[in-house]
Amino acid sequence: MTLSDTGLLVTVLSGYLGAGKTTLVNQMLRQANGKRLAIMVNEFGDLPIDADLIEAEGDDLIALAGGCVCCSYGDDLIAALGQMAAMQPPPDHIILEASGVALPAAIASSLGLMPGIKTAGVVVLADVGLIEGQLANDYIGDTVARQLGAADLVVLTKTDIAGPSQVLRAGKAVAKHCGDALILEAAQGQLALDLVLHPQRLAVYEAGSPHGSGKGLNTRVETPEGPVDAETYARALAQRPEVIRAKGHVQTPQGVRTIQVVAEQWEVRDPPRDAQVGVVIISLDATPIRQPENA
Amino acid sequence: MITIFKARKIITMNPAHAHTTHVAVRDGRILGTGLLEDLAGWGDYTLDEQFADKVLMPGLIEAHSHLMEGSLWAYTYVGYFDRMSPEGDMQKGCKNLADVLAKLKEAEAKIEDPDEAMPAWSLDPIYFDNVRVTRHDLDQVSSTRPIGIMHASGHIMNVNSKALELAGLLRTGVNHDGVPLGADGMPLGELKGPDVMTPVSPHVGFDRDMLACDETGMQRFGKLCVRAGVTTATDLASKLPDEVVNLFADVTSRANYPTRIVSLRYHHGISPEDLIAHAEELKTKSTDMLRLGKIKVVVDGSIQGFSARLREPGYFNGAPNGLWYISPEHLAYILENALAKGIHVNTHTNGDQATQLVIETMTAALLKHPSPDHRFVLQHCQLADAAQFRKIAKLGLCVNLFANHHFYWGDEHYKLTVGPERAERMNAAGTALREGVPLAIHSDAPITPLGPLFTGWCAVNRLTASGRTLGEADKISVAEALHAITLGAAYTLHMDQEIGSIEAGKRADFAVLENDPEEIGGDALKDVAVWGTVQGGRIFPVADL
């Protein structure tokens, strides 16, 4: 895929204050590996980017290692997005960090109004130690629930400092609000960059427990080269013993089709209207995610 | 150089000296009030009798307006109500869509460049049975130039096909709640909410930063103030970058500028830490005519936009609860640090849940930083109930209620947004005073026209545009209304030691009136004619504007 046929992709990164958005952003930058990521934050505040990644700082724009940038959009997101899109060369992908009380669904649909900009999806972070209390809070409970409701991918954070029962409880609480979003655990932002760049929903049959860990399970997005036969492709995935689940959209000679794989079963369906090609695959074949020290 | 002004009547707002006929002024300050012989002892004076048949009041104070009211007059006014322009041209209200289109065509014919954008403002289809205005309507005005009309509420914009085309939105496949589509799948040109207005507004000639004001706008704002008898007005939400501060300082320092401007630093788009630091820095740049260093925090949205945060039982029409524009954590940080550093904070809360959050956050913040005279202000605070007003009084908070709202949108609140009972308690000025809450009332100009005497009339009568009385028990007296637009407002600004009443030592700021607001009767308070103002001893007749 080239930029011209898809537009500049934007992932909306949401989650209440302290959910770990900044930690995740820094991890994504460490995995960029040549991809030119543009990080957009509401305001710089306490500088959100790890010092070792920063090459040069301006008032509204920070130049980062590997051609990445970080900018603050303040109260004019549209203007800032326009500036990002006009950069030469344009960034490969924008990660838009929403403010803690913003509704990502509203941001995502507003992005759709910008020519040349396309929403890649919504990633919502939830601190396993705090999410239940936040959902029960009189003031912010409905806001947090609406954030989760817009998620394509929910990332449970700070799982390393919580016990397994708390992670499970948090996962159940989140699952009540996030529909068929994929729920993954990721302590310290340990999540594959591809998942953030192409978050996709996976139907949840057993609502409740997290679908895996961003570290333990290997979750990745695969985009087949050229047109494939959807049935053949899905069957091949289902026959691979390490593949636990897969869902996404593939290009076939007849157009885009949606495939879904659960263990050894698969199905092929008509795609939703705005389907983008790409298949999320969760497998046991764990590939270690790059650690900060060896980035 | 002492001038003693003689007036038919001077309403001082100083209970020890409530009414008198003369006021002595030296170097922009009041030496005293009384009979001529009481004042003669100050020394040689000039007796100025031009107000001998006028009534003087303390210069009126608009404690919630925006300088943007001045800049909007560069655009075509298409509101429903007659509205006086800064230059004194009474613009007739547009009573139906045909009127709107006719006025736009007239304005359009005067623009030579066929591609030049044409912004207009104050459309309110509520008064045309909510008929939906579409791009096809506006295309009748021009198909070559982009046209955009901001609604009176400030929350919706209508644009023509050219504007949509320039914004890249004249296409199918637009999927957004705020962009209604026609039968052909194309946007109809109605843009609901700031999220969808901002991509289009620059194409139709509205500034990206809608709250910004230029020099011409400031001059126009000053003229509107003189027409309304206002000598001090707030600019309630500005980002206040250096160039804006320099412009404000320059314009307000001129000998012919008639209004003291109090401009508040808006919280949005900046970290709470930077906000506090910026407010402290701004405070050092204050002058007599430009007051800086206060903070405005917007907590929720608006009731008619269904973005205000409501407690149970929520919106009357079942709309989901509104939006937070700040997290409770950031609000707490700002309130605590502002209390610790003596920075004055004004919070915008429309819904009663947002008000409750401020009440609870202030309760905790005051335990950490006890502050006997903070006077933080709840702006709008439209839906507060009696229990909330009791807490507000106990916490030392003030309120500045949106009295004009009843007149312009009370019928909508009754029928649609909050239902009859809560519509009746909106902007409960009577309750606020009974519970001992310091009270100001406001226009939020340009949302409604600048005019404290009209605002006073709204609080006294609580009438809607259709003639319904909303909340008999919350009406206030004329005397209470006059206090709210003078000394009451001054108190909420921490300025009652220098403005708000006519007494020795205070600024020589007067509203010069043709009629006596104490005699004309509450139902005619809005009809009091304004001759002009005296500001810091300088005379500004409306006739000379």
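Residues numbered from 1 in each chain as written. Chains lettered and ligands numbered in written order. Predicted model: local features only at pLDDT ≥ 70, side-chain atom pairs only at ≥ 80, totals over all residues. Heavy atoms only, no water.

**Student:** When you look at the interface of chain B and chain A in this model, what are you seeing that I'm missing?
**Tutor:** Think of interface size as the accessible area that goes away when the parts come together; that is how it is often given. On the side of chain A, 25 residues touch chain B, which itself brings 37 residues to the contact. Approximately 2,300 Å² of surface area, both sides summed, lies buried where chain B meets chain A, with 55% of it carried by carbon and sulfur atoms. Where chain B meets chain A, there are one salt bridge. Of the charged contacts in the structure, one is a salt bridge between D142 of chain A and R309 of chain B, with a shortest N-O distance of 2.7 Å. Joining chain B to chain A, the criterion identifies eleven residue pairs in polar contact (both at pLDDT 80 or more). In terms of residue count, the dominant contributor to the side of chain B that touches chain A is helix α11 (residues 352–368) of chain B (four residues). Residue classes in the side of chain B that touches chain A are distributed as 16 nonpolar, 13 polar and eight charged. (Contact = heavy atoms within 4.5 Å. Buried area = accessible area lost by both parts, 1.4 Å probe. Salt bridge = Lys/Arg side-chain N within 4 Å of Asp/Glu carboxyl O. Polar contact = N/O pair within 3.5 Å; in protein donor to acceptor, adjacent residues only side chain to side chain. Helix = DSSP H or I, 4+ residues; strand = E, 2+ residues; numbered from the N terminus. Nonpolar A, V, L, I, M, F, W, Y, C, P; charged D, E, K, R; others polar.)

**Student:** Could you clarify how one ought to interpret the pattern of salt bridges in this entry?
**Tutor:** A side chain of one charge can pair with a side chain of the opposite charge if their charged atoms are brought near each other. Residue and element names in this part refer to chain B. Inspection of every chain in the model, using the stated rule, returns 42 salt bridges over all chains. The shortest N-O distance in the salt bridge between R390 and E435 comes to 3.2 Å. Taken together, the residues span a long stretch of sequence, with R390 in helix α12 (residues 386–394) and E435 in the loop between α15 (429–434) and β20 (439–441) at a distance of 45 residues. Here K475 makes a salt bridge to E472, at a shortest N to O gap of 3.1 Å. By relative accessible area, which is 56% here, E472 ends up exposed. Where salt bridges share partners, they join R260, D288, R291, E498, R507 and D509 into one cluster. (Buried < 20%, exposed > 50% of the residue type's maximum accessible area, 1.4 Å probe, protein only.)

**Student:** Before we go on, may I ask you to explain the packing of helix α7 (residues 215–228) of chain B against helix α8 (residues 242–252) of chain B in this structure?
**Tutor:** Packed helix pairs are characterised by how far apart their axes lie and by the angle those axes make with each other. Residue and element names in this part refer to chain B. In the contact formed by α7 and α8, the axes pass within 11 Å of each other and the chain directions differ by 45 degrees. Classified by the interaxial angle, the pair formed by α7 and α8 is oblique. Judged by the twist between their axes, the crossing of α7 over α8 is right-handed. On the side of α7, the interface is formed by E215, M218 and Q219, while α8 contributes L247, F248, V251 and T252. Per-class residue counts for the contact of α7 with α8 are four nonpolar, two polar and one charged. (Axes fitted to C-alpha atoms, helices over the stretch in contact; angles between N-to-C directions. Parallel < 35°, antiparallel > 145°, perpendicular 65-115°, else oblique. Left-handed = near helix turned anticlockwise from the far one by under 90°.)

**Student:** I tried to follow the domain arrangement of chain A on my own but got confused; where do I start?
**Tutor:** All names here are of chain A. Partitioning chain A into domains gives domain 1 (3–211) and domain 2 (230–283). For domain 1 and domain 2, the distance between their C-alpha centres works out to 25 Å. Taken together, the 14 residues of domain 1 in the interface contact eleven residues of domain 2. Connecting domain 1 to domain 2 are zero salt bridges. For the pair domain 1 and domain 2, the number of links is one residue pair in polar contact (both at pLDDT 80 or more). If one sorts the elements of the side of domain 1 that touches domain 2 by residue count, strand β7 (residues 117–127) sits on top with three residues. (Domains from an automatic or database assignment.)

**Student:** When you look at the packing of α11 of chain B against α12 of chain B in this model, what are you seeing that I'm missing?
**Tutor:** Residue and element names in this part refer to chain B. Two elements in contact, α11 and α12, have axes whose closest approach is 11 Å; the angle formed by their N-to-C orientations is 30 degrees. Judged by the inter-axis angle, α11 sits roughly parallel to α12. Pair α11 / α12 crosses with left-handed handedness. Facing D352, T355, Q356, I359 and T363 of α11, the residues of α12 in contact are Q388, K391 and I392. In terms of residue class, the contact of α11 with α12 is built from two nonpolar, four polar and two charged.

**Student:** Would you mind going over helix α4 (residues 104–111) of chain A with me for this structure?
**Tutor:** Within the span of α4 of chain A, buried status applies to P104, I107, A108, S110 and L111 of chain A. One face of α4 of chain A carries all of its buried residues, which in axial projection span an arc of 165 degrees. Contact partners of the buried residues in α4 of chain A: β1 (8–15), α3 (77–86), β6 (93–97), β7 and α6 (141–149) of chain A together with α6 (194–197) of chain B. (Arc of directions from axis to C-beta.)

**Student:** What is the right way to read the confidence of the model for chain B from this model?
**Tutor:** The predicted coordinates ought not to be read in detail in places where the model reports low pLDDT. Of the residues in chain B, 99% have a pLDDT of 70 or more, and the chain-wide mean is 96. For this predicted complex, the interface score ipTM comes out at 0.90, alongside a pTM of 0.89. (pLDDT = per-residue confidence, 0-100.)

**Student:** Would you mind showing me how to read the packing of aromatic side chains here?
**Tutor:** How two aromatic rings sit relative to each other is given by the distance of their centres and the angle of their planes. Residues and elements named next belong to chain B. Across all of its chains, the model carries 20 aromatic pairs over all chains by this definition. Ring centres 5.0 Å apart and planes at 85 degrees place the aromatic pair Y80 and F81 in the edge-to-face group. By relative accessible area, which is 23% here, Y80 ends up partly exposed. Seen in terms of ring centroids, F81 and Y127 are 5.2 Å apart; in terms of plane orientation they differ by 85 degrees. Their pairing is edge-to-face. With F81 in the loop between β7 (76–77) and β8 (83–84) and Y127 in the loop between β10 (118–123) and α4 (135–139), the pair connects residues that are 46 residues apart, well separated along the chain. Just as F81 is buried, Y127 falls in that class too. Three or more aromatic residues joined by ring pairs form one cluster here, namely Y80, F81, Y127, F407, Y408, W409, F454 and W457. Here the basic side chain of R375 rests over the ring of Y491, its NZ or CZ set 3.9 Å away from the ring centre. (Phe/Tyr/Trp six-rings, centres within 6.5 Å; stacked < 30°, edge-to-face > 60°. Lys NZ or Arg CZ within 6 Å of the ring centre and 35° of its normal.)

**Student:** What exactly am I supposed to notice about the pairing of strand β13 (residues 255–262) of chain A here?
**Tutor:** On any regular strand, side chains alternate: one points to one face of the sheet, the next to the other face. Residue and element names in this part refer to chain A. Summarising the sheet, strand β12 (residues 243–252) and β13 pair through eight bridges and their orientation is antiparallel. Bridged to H249 within β13 is T258. Following β12, the chain reverses through two residues before pairing antiparallel with β13. Pairing between β13 and strand β14 (residues 265–269): five bridges, direction antiparallel. Following the sheet pairing, V261 is matched in β14 by W266. (Pairing = 2+ DSSP bridges.)

**Student:** Honestly, a negative patch on the surface in this entry has me stumped. Any pointers?
**Tutor:** Residues E112, D113, D115 and E116 of chain B make up a contiguous surface patch of negative charge. Mapped onto the elements, D113 of chain B comes out in the loop between α3 (97–109) and β10. (Patch = residues over 30% accessible without salt bridge, like charges linked within 9 Å, V, L, I, M, F, W, Y side chains within 5 Å. Areas by Shrake-Rupley, 256 points an atom, 1.4 Å probe, with all protein chains shown as cover. Lys, Arg positive; Asp, Glu negative; His and termini not counted. Charge placed at Lys NZ, Arg CZ, Asp CG, Glu CD.)

**Student:** Even after reading the chapter, I still don't get helix α16 (residues 452–461) of chain B, so can you show me in this structure?
**Tutor:** Since the α-helix packs 3.6 residues into each turn, any two residues three or four apart lie on the same face. Residues and elements named next belong to chain B. Burial runs high along α16: ten of the ten residues are buried. Among all positions in α16, only P452, L453, F454, T455, G456, W457, C458, A459, V460 and N461 are buried. Positive phi shows up at R462, right after α16, with a value of about 50 degrees.

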